[in-house]
Amino acid sequence: MEWTREMKYRRIEDIDAMQYETLKINTENATWRQKYHIQPVTGLLNDPNGFIYHDGMYHLFYQWFPLGAVHGMKYWYHLVSKDLVCFESDDRTVDPDTRYDSHGAYSGSAFVVDDEIKLIYTGNHRTKEWTRIPYQIIATLTEDGVIKEKPFIEGPEEGYTEHYRDPKVWKMHGKYYAVIGAQRDNLTGTIVVYSSLDFKEWLFEGELKTRYENFGYMWECPDYFNIDGNDIVLFCPQGVEAQDDAYRNIYQSGYIIGAIDFNTLTMTHSNFEELDNGFDFYAPQTTVGRNDERILIGWMGLPDIHYPTDKDDWAHCLTLPRVLTVENGELIQRPIKALASRRMDSETKTIEVSQEQAIFTGKYYELLVYIESLSAEVLNIDLRVSDEEYTRLSYHTRTRSFIFDRTYSGALPENVEDTRRATVLKDDLKQLQIFVDESSVEIFINDGANVFTSRIFPSEDSDGVRVSSSDGQAKLTITKFNLK
Ligand code: FRU
């Protein structure tokens, strides 16, 4: 079906309750629905938004087009959770219902001000001539719903194009700050910074000055936080060329780490590193959790790609929440500990691997793998295996190269370069924590030193777990947890 502009900008209020119910039921019954990831009730999900912990409760929204698997009129769908493991829907959504967000309530963040949750986001407005005007909007999440204020920034500052969006807010030294993703008039991407004393009047402070003057044409979804004295800036540059194993996805999502002088907005920093080495990771957002830890959730998808679920009118999911730490100057990402509450029964095996060996079955589970010894050239762990299909993780001992291969995984997204993603590990492979769901794999390597996140679309009967090695021995201890 061809989605015309008119269809993409249809609002959920334009369909009747019965039609919406039908969409919901069709979505629930569609193939490749996840068992334990956040996925859209109907239609398309993209960026996580408004992620905040307040009064014993986490709030998390997602960008949502309710009526199909395309990027159309965007809402914020609202979820609440006590533990970031189980989420419940909340009907206080952010709807594109004013002149300023008439063509979508685009991405943004949340912050607690005077005990109230403030949402701060980009209203996407289009004129009759279809010219985009981005407005930055603040709203308050009250018991009864979302109350919007007039935009506090109207349009881009001088020197920037219409691509000016995704405000992320924090407080520091008695001041509120916001970073916004922007495109300069010379069509390069950057981040601009605003500040406010009262969360009402906002002052344009200027650009964050980094070494990356010319690094892609637009930077989406910026985030800033400090961990143990390290300033960390996340952003999603679009238009960066692939380099060997790096930057192989259509758009990138990564970070720079260093120190920002907030008087001059100058950052001295490391090279840009991708947060995730897999196929499907974008637009992450972080917040401070219950125990003051920094928690990240990303969109397990990318723009401008066709996914196998599109035909059933739904698309995408969010990643599992990860805790970020800085250890020996490196950013480490571990799945939140609370996920262990999903574990039910488990089975542990110690295996001397040589030829191909089937070890478990299952379609959604967690695997904990310890490498006891490894002299083999290559170690393979295959997931979702059947006679025709498998998803392969390979580790090459000599080069320390870790490869995720979905060539034989089943159905594949379209408009994606290649079917393998790889990276070179800093240390020898020692440990893996792998979360497999109906249509995704998240692999945490060496206790969070690297992560590979990818969607896969296998057949129903591809449910084996298999190991193999070549040219030598490998001894592994593997535990499989069934999850609820
Ligand atoms: C990133 C993004 C944001 C924008 C939102 C619209 O995926 O393009 O820049 O606010 O999605 O849905």
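Worth saying up front: this structure is predicted, and the values here are computed from it rather than measured. (Residues numbered from 1 in each chain as written. Predicted model: local features only at pLDDT ≥ 70, side-chain atom pairs only at ≥ 80, totals over all residues. Heavy atoms only, no water.)

Asker: Run through the overall build of the protein, naming residues and quoting values.
Answerer: Counting secondary structure elements, the protein contains two helices and 35 strands. Taking 2.2 N^0.38 as the reference for a compact globule, 484 residues should give roughly 23 Å; the C-alpha atoms of the protein span a radius of gyration of 22 Å, in line with that estimate. For the protein, the C-alpha atoms occupy an extent of roughly 65 × 55 × 45 Å along the three principal directions. For the protein, the proportion of its 484 residues judged to be buried stands at 62%. Summarising the internal contacts of the protein: among those between residues at least 6 apart in sequence, 58% fall at separations of at least 24. Of the roughly 19,900 Å² that the protein leaves accessible, carbon and sulfur atoms contribute 45%. Averaging the coordinates of the 50 positive side-chain charges in the protein and doing the same for the 79 negative ones gives two points 1 Å apart. (Helix = DSSP H or I, 4+ residues; strand = E, 2+ residues; numbered from the N terminus. Rg over C-alpha atoms; globule rule 2.2 N^0.38 Å. Buried < 20%, exposed > 50% of the residue type's maximum accessible area, 1.4 Å probe, protein only. Contact = heavy atoms within 4.5 Å. Areas by Shrake-Rupley, 256 points an atom, 1.4 Å probe, with all protein chains shown as cover. Lys, Arg positive; Asp, Glu negative; His and termini not counted. Charge placed at Lys NZ, Arg CZ, Asp CG, Glu CD.)

Asker: Account for the sheet that holds strand β29 (residues 401-405), with residues named and values stated.
Answerer: Across the sheet, six strands lie side by side as β25-β34-β27-β28-β29-β30; this open sheet has antiparallel pairing. Either end of the sheet is taken by a strand with one partner, and the two such strands are β25 (357-361) and β30 (420-424). Geometrically, the sheet is characterised by an average inter-axis angle of 15° between neighbouring strands, direction not taken into account. Pairing analysis gives five bridges linking β29 to β30, with the strands arranged antiparallel. Bridge pairing in β30 links Ser401 to Val424. (Pairing = 2+ DSSP bridges. Axes fitted to C-alpha atoms, helices over the stretch in contact; angles between N-to-C directions.)

Asker: Give a detailed account of the packing of aromatic side chains, specifying residues and quantitative values.
Answerer: The tally for this structure, following the rule as stated, stands at 37 aromatic pairs. Centre to centre, the rings of Phe215 and Phe272 are 5.1 Å apart; their planes meet at 65°, and the pair counts as edge-to-face. Placement of the pair is Phe215 in the loop between β13 (203-207) and β14 (218-227) and Phe272 in the loop between β17 (266-269) and β18 (273-274), with a sequence separation of 57 residues. Residue classification places Phe215 among the buried residues on the basis of a relative accessible area of 10%. Three or more aromatic residues joined by ring pairs form one cluster here, namely Tyr212, Phe215, Trp219, Phe235, Tyr247 and Phe272. Between the NZ or CZ atom of Arg343 and the centre of the ring of Phe481, over which it lies, the distance is 4.0 Å. Looking at Arg406, its charged tip hangs above the ring of Phe279, at a distance of 3.7 Å from the centre. (Phe/Tyr/Trp six-rings, centres within 6.5 Å; stacked < 30°, edge-to-face > 60°. Lys NZ or Arg CZ within 6 Å of the ring centre and 35° of its normal.)

Asker: I'd like a rundown of the site of the ligand, residues and numbers included.
Answerer: With respect to spatial proximity, the complete set of residues near the ligand consists of Asn46, Asp47, Gln63, Lys74, Tyr106, Ser107, Arg165, Asp166, Glu220, Tyr282 and Trp299. In the model, an oxygen atom of the ligand is placed 2.8 Å from a nitrogen or oxygen of the Arg165 side chain. Glu220 is positioned such that a nitrogen or oxygen atom in its side chain is 2.8 Å from an oxygen atom of the ligand. Isolated, the ligand exposes 320 Å² of accessible area, and the fraction of that covered by the protein chains is 91%. Every element with two or more residues in the shell around the ligand is listed here: β1 (43-54), β5 (105-113) and β10 (160-172). (Near = heavy atom within 4 Å. Polar contact = N/O pair within 3.5 Å; in protein donor to acceptor, adjacent residues only side chain to side chain.)

Asker: Break down helix α2 (residues 17-28) for me, citing the residues and quoting the values.
Answerer: Compared with an ideal rise of 1.5 Å per residue, which puts 12 residues at 16 Å, α2 spans 16 Å between its outermost C-alpha atoms and is within 8% of the ideal. Along α2, the residues classified as buried are Tyr20, Leu23 and Thr27. All buried residues of α2 fall inside an arc of 55° around its axis, so they share one side. Turned more than 90 degrees away from the buried face of α2, the exposed residues are Ala17, Met18 and Glu28. Next to the buried residues of α2 lie β2 (57-65) and β21 (314-315). (Expected span 1.5 Å × (residues − 1). Arc of directions from axis to C-beta.)

Asker: Please provide a residue-by-residue account of the pattern of salt bridges, values included.
Answerer: In this structure the tally under the stated criterion is 29 salt bridges. A salt bridge links Lys118 to Glu116; the nearest nitrogen and oxygen atoms lie 3.6 Å apart. Look at Lys118 and you get buried, because its relative accessible area is 11%. Here Glu116 falls in the partly exposed class, since its relative accessible area comes to 36%. Measuring nitrogen to oxygen at the nearest pair gives 3.3 Å for the salt bridge that ties Lys363 to Glu460. Of this pair, Lys363 sits in the loop between β25 and β26 (365-374) while Glu460 sits in the loop between β33 (450-455) and β34 (464-470); the two residues are 97 residues apart in sequence, bridging distant segments of the chain. Salt bridges sharing partners connect three or more residues here, namely Glu356, Asp382, Arg392 and Arg466. (Salt bridge = Lys/Arg side-chain N within 4 Å of Asp/Glu carboxyl O.)

Asker: I'd like to hear about the side chain of Ser440, residue by residue, with values.
Answerer: With respect to the helices and strands, Ser440 occurs in strand β32 (residues 440-445). Given the relative accessible area of 0%, Ser440 is considered buried. Residue contacts for Ser440: discarding those within four places in its chain leaves Gln34, His37, Met300, Phe435, Ser454, Arg455 and Ile456.

Asker: So what about the sheet that holds strand β23 (residues 330-335)? Which residues, and what values?
Answerer: Taken in spatial order, the four strands line up as β19-β20-β22-β23 in an open sheet, and their pairing is antiparallel. The two strands at the open ends of the sheet, each matched to only one other strand, are β19 (282-288) and β23. When strand polarity is set aside, the average angle formed by the axes of neighbouring strands in this sheet is 35°. With six bridges connecting them, strand β22 (residues 322-327) and β23 associate as antiparallel partners. The residue of β23 that forms the bridge with Val323 is Arg334.

Asker: Hey, could you go over the confidence of the model for the protein for me, with residue numbers and the actual values?
Answerer: Residues at a pLDDT of 70 or more form 100% of the protein, whose mean pLDDT is 97. Two summary scores accompany this predicted model of the complex, namely pTM at 0.98 and ipTM at 0.99. (pLDDT = per-residue confidence, 0-100.)

Asker: Any chance you could break down the pairing of β22 for me, citing the residues and the numbers?
Answerer: Where strand β20 (residues 294-299) lies against β22, three bridges are found, and the strand directions are antiparallel. Opposite Leu296, over in β22, you have Arg322 as the bridge partner. If you look at the hairpin formed by β22 and β23, you'll find two residues sitting between the two strands, and Asn328 has a positive phi there, around 50°.

Asker: Quick rundown of unusual backbone geometry? Include the residues and the values.
Answerer: Positive phi, normally seen in glycine, also occurs at Asp114, with a value near 50°. Looking at where Asp114 falls in the secondary structure, it is placed in the loop between β5 and β6 (116-126). Of note in the backbone geometry, Asn415 takes a positive phi value of approximately 80° without being a glycine. Locating Asn415 in the fold gives a position in the loop between β29 and β30.

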